[in-house]
Amino acid sequence: MKLGLGEGDKLVTLKEAEALTGRKVSTWRRDIFEKRVPCVHLGRRQVRLQLSVIEAMVREGYRPAVTR
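About the cut-offs
- Residues numbered from 1 in each chain as written.
- Predicted model: local features only at pLDDT ≥ 70, side-chain atom pairs only at ≥ 80, totals over all residues.
- Heavy atoms only, no water.
- Axes fitted to C-alpha atoms, helices over the stretch in contact; angles between N-to-C directions.
- Helix = DSSP H or I, 4+ residues; strand = E, 2+ residues; numbered from the N terminus.
- Parallel < 35°, antiparallel > 145°, perpendicular 65-115°, else oblique.
- Left-handed = near helix turned anticlockwise from the far one by under 90°.
- Contact = heavy atoms within 4.5 Å.
- Nonpolar A, V, L, I, M, F, W, Y, C, P; charged D, E, K, R; others polar.

Observations regarding the packing of helix H1 (residues 14-21) against helix H2 (residues 25-33)
The description of two helices packed together rests on the angle between their axes and the distance between the axes. In the contact formed by H1 and H2, the axes pass within 9 Å of each other and the chain directions differ by 115°. The pairing of H1 with H2 is recorded here as roughly perpendicular in orientation. Two packed elements cross with a definite hand, and for H1 against H2 that hand is right-handed. Residues Leu14, Lys15, Ala17, Glu18 and Thr21 of H1 lie in contact with H2, whose contacting residues are Val25, Trp28, Arg29 and Ile32. Considered class by class, the residues forming the contact of H1 with H2 number 5 nonpolar, 1 polar and 3 charged.

Okay, structure coming up:
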């Protein structure tokens, strides 16, 4: 996974990440707490995820269907 903010790298809210991936906000928060997902803290409660990190997670987790 790419770490650090690149030029033009979009930050998304946890609700937006939920809409993109189907993972609940609580799951994202748990993964952030357990330091499995890099994030950006914008104050005490505001958390953002890099869109490129979410896209990389989807790419790495993709498994094509097996035909028999």
